[in-house]
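Chain residues, written in single-letter form:
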Amino acid sequence: MTQTKYFFFLILPLLSLVSCKDTNEYRVGSEFEVYVQRFETEASARGRTFDTKATGLIVEFADLKDNTAGLCHYEDPIRIEIDKTYWNAISKTAGSDLMKEDLLFHELGHGLLGRKHLNDLLENGDWKSIMCGGDQVGDRPWNINYRGIRRNYYVDELFNESTYDKPEFASTQLLVDTTGFKTSYLKSFDSPDQSGWALVDNTKYKTSLVNGRLCFQSKVDSSYMVYATISNPISNLSDFSYELTLEYPSADQTNQYGILFGTIPGGSDGVNDPIEYFTLNNNLKMFMGNRTWYSYYTELSESSIVAAGLNKLKVFKIGKMLYYFINDVYCYQSEMETTTVFNQFGFMVPPKGTVYLDNFKISLNSASSSSSKVKQNLQIEFKVLTTDKFDKNKVNNQ
Ligand SMILES: [Zn+2]
């Protein structure tokens, strides 16, 4: 008898809890609130009305497994879980506001817009939709270049799947003029006076000239950022191009090698410095990003890469955009993240990797170079810095 009483004492309140659950409950953690409100504002700008404070929504932290950043539960109200570890990790890096918006908008896309995953690609290889996720496509990471001019496209696409089949940034045609650039810095590596970097052999690396190329052989397990400091810093208002031909003759298919430019402060470990990078691997993948960010913007498959062979990497910076070329084939455009003057240009060497370099060349647009009296082969100071791997992070599934 006592037991029965006790049973009802326990069960009845539980039953009443379930049956009277508030389907309009609004419980959104303070960290997420700004993104939910932004979602409603963007919806309203596109003729859609959401008022989750009235209709209910739950967004809460969770401990998600399997590299999952967020999960949407189709309950009443919609309940979204965000992985706390991932959230805290991206919070420490530049671009976290956009990465958080991407994550919340994606989950709200499931919950409020009823959208499913869409893993199609645009012409240039970018993910077509902010709704990319779920079942892996090949082994491509979920990194999406949700920045700059792309952000508006992705938000438009989120609210209207049929919008903008071909955004201009995704065109494989180069739509800007890359003529009028004049060489300001050039190293051919054809002779010792053209080597730039000191030719040394120490416990960490060896530099030598081999058949008209600079050979950089790493002896350590970290990546190397090897760079030159030019005497006339480049303003973020100036247009320039930077090119370098690299060869990483290795069976290794995962490590990245390529070019970098930006600012590395003295005494830095180069991990979170505002360094732009453009790298490849021997699995025909291309990466681009800035080291202040959590990870590269996106990973692209590029048939113009020659696996383990010669690859001429070139970027043009025109206006706010960087235009990326591999072996003279235009591949991609994206905003440059660095907004200050900078004076360092270099390359990246994989752990214990040997890379051959040829034709290090920086050119300035003639309009900007005429005012700054650029001469051929101005003095450059060459440096070497070990850092952690460039593919340290990947964006989690959502
Ligand atoms: Zn999803």
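No experiment lies behind these values; they were computed from the predicted model shown.

Draft legend 1. Here's a closer look at the overall build of the protein chain. Helices and strands together make up the secondary structure of the protein chain, namely seven helices and 19 strands. Of all 398 residues assigned to the protein chain, the portion counted as buried reaches 39%. Counted over contacts in the protein chain with a minimum sequence separation of 6, partners at least 24 positions apart contribute 65%.

Draft legend 2. Layout of the sheet that holds strand S3 (residues 70–73). The mixed open sheet is built from four strands, whose spatial order is S1-S2-S4-S3. Every other strand in the sheet has two partners, leaving strand S1 (26–28) and S3 as the edge strands with one partner each. Direction aside, the axes of adjacent strands within the sheet are offset by 25° on average. Pairing of S1 with strand S2 (residues 57–62) involves three bridges; the strand directions are parallel. Within the sheet, the bridge partner assigned to arginine 27 lies in S2 and is isoleucine 58. Packed onto the sheet, helix H4 (residues 84–91) meets S2 and strand S4 (79–83) and runs at close to 60° relative to S4. Contacts from helix H5 (residues 96–111) reach S3 and S4 within the one sheet, and its direction differs from that of S3 by about 20°.

Draft legend 3. Spotlight on the pairing of strand S9 (residues 240–247). Two strands pair when backbone bridges link them, and S9 and strand S14 (residues 310–318) are joined in this way by eight bridges, in the antiparallel orientation. Considered in S14, the bridge of tyrosine 242 is made with valine 315.

Draft legend 4. Local environment of the environment of isoleucine 275. By the secondary structure assignment, isoleucine 275 is in strand S11 (residues 275–281). Sequence separation of isoleucine 275 and phenylalanine 261 is 14 residues, and the distance between their C-alpha atoms is 5.6 Å. When sequence neighbours within four positions are dropped, the list of residues in contact with isoleucine 275 reads Leu260, Gly262, Ile264, Gly270, Asn290 and Arg291.

Draft legend 5. Inspection of the nonpolar core at higher detail. Leu260, Met288, Phe347 and Leu357 are the most contacted members of the largest nonpolar core, which totals 55 residues. If you look at the next biggest cluster of nonpolar residues, it comprises 32 residues, including Trp87, Leu104, Trp293 and Val395.

Draft legend 6. Spotlight on H4. Among the residues making up H4, those that are buried are Tyr86, Trp87 and Ile90. Axial view of H4: buried residues confined to an arc of 100°, hence all on one face. Across from the buried face of H4, at angles greater than 90 degrees, the exposed residues are Thr85 and Asn88.

Draft legend 7. Highlighting the packing of helix H2 (residues 30–45) against H5. Running from amino to carboxyl end, H2 crosses H5 at an angle of 60°, the nearest separation of the two axes being 9 Å. Looking at the two axes, H2 sits oblique to H5. Considering only the axes of H2 and H5, their crossing is right-handed. Listed contacts from H5 to Phe32, Tyr35, Val36, Arg38 and Phe39 of H2 are Lys100, Glu101, Leu104, Phe105 and Leu108. Split into classes, the residues belonging to the contact of H2 with H5 amount to seven nonpolar, no polar and three charged.

Draft legend 8. Focus on unusual backbone geometry. Of note, the amide linkage connecting aspartate 76 to proline 77 takes the cis form, showing an omega dihedral of 5°. Structurally, the position occupied by proline 77 is in the loop between S3 and S4. Phi at asparagine 211 takes a positive value of approximately 50°, unusual for a residue other than glycine. Although it is not a glycine, leucine 284 sits at a positive phi angle of roughly 60°. Examined against the element boundaries, leucine 284 turns out to sit in the loop between S11 and strand S12 (285–290).

Draft legend 9. Representation of the environment of phenylalanine 342. Looking at the element boundaries, phenylalanine 342 is found in strand S17 (residues 342–349). Here phenylalanine 342 falls in the buried class, since 21 other C-beta atoms lie within 10 Å of it. Remark: the alpha-carbon pair of phenylalanine 342 and proline 274, spanning 68 residues in sequence, is separated by 9.3 Å. Residues contacting phenylalanine 342, with those up to four places away along its chain left out, are Pro233, Ile234, Phe261, Gly262 and Thr263.

Draft legend 10. Molecular detail of the pairing of S17. Within S17, seven of the eight residues are buried, which leaves it mostly tucked inside the rest of the structure. Examined bridge by bridge, strand S8 (residues 223–234) and S17 share seven bridges and lie antiparallel to one another. By the bridge assignment for S17, valine 226 is matched with phenylalanine 347. In the sheet, strand S10 (residues 257–262) pairs with S17 via five bridges, with the strands oriented antiparallel. Counterpart to phenylalanine 261 in the pairing with S17 is phenylalanine 345.

Draft legend 11. Geometry of the confidence of the model for the protein chain. Scored by pLDDT, the protein chain has a mean of 89; 89% of the residues are at 70 or more. Confidence drops under pLDDT 50 across residues 1–17; counting only partners more than four residues distant or on other chains, this segment forms zero contacts. Between residues 369–378, whose pLDDT stays under 50, and residues either more than four places distant or in other chains, the model counts 17 contacts.

Parameters at a glance
- Each chain has its residues counted from 1, running along the sequence as written.
- Totals for whole chains, interfaces and linings use every residue, but because this is a predicted model, local features are given only for residues with pLDDT of at least 70 and side-chain atom pairs only at 80 or more, for both listing and counting.
- Runs of H or I in DSSP of at least four residues are treated as helices and runs of E of at least two as strands, each being numbered from the N terminus.
- Whether a residue is buried, exposed or partly exposed is read from the other C-beta atoms within 10 Å of its own C-beta, which are placed from the backbone; 20 or more gives buried, 12 or fewer gives exposed, and intermediate counts give partly exposed.
- By the criterion used throughout, residues are in contact when their C-beta atoms, derived from the backbone, lie within 7 Å.
- At least two DSSP bridges between two strands are required for those strands to pair.
- Orientation is described by lines fitted to C-alpha atoms, with helices fitted over the stretch in contact, and by angles between N-to-C directions that extend from 0 to 180 degrees.
- When buried Ala, Val, Leu, Ile, Met, Phe, Trp, Tyr and Cys residues are joined through C-beta atoms within 7 Å, the set is termed a nonpolar core.
- Starting at the helix axis, one direction is taken to each C-beta atom, and the arc is that of these directions.
- These descriptions rest on fixed angle ranges, namely under 35 degrees for roughly parallel, over 145 for roughly antiparallel, 65 to 115 for roughly perpendicular, and the rest for oblique.
- Left-handed describes a crossing in which the near helix is turned anticlockwise from the far one by less than a right angle; the clockwise case is right-handed.
- Gly counts as polar in this scheme, as do all residues outside two lists: the nonpolar Ala, Val, Leu, Ile, Met, Phe, Trp, Tyr, Cys and Pro, and the charged Asp, Glu, Lys and Arg.
- Across the chain, each position has a pLDDT score giving the predictor's confidence in that residue, from 0 to 100.

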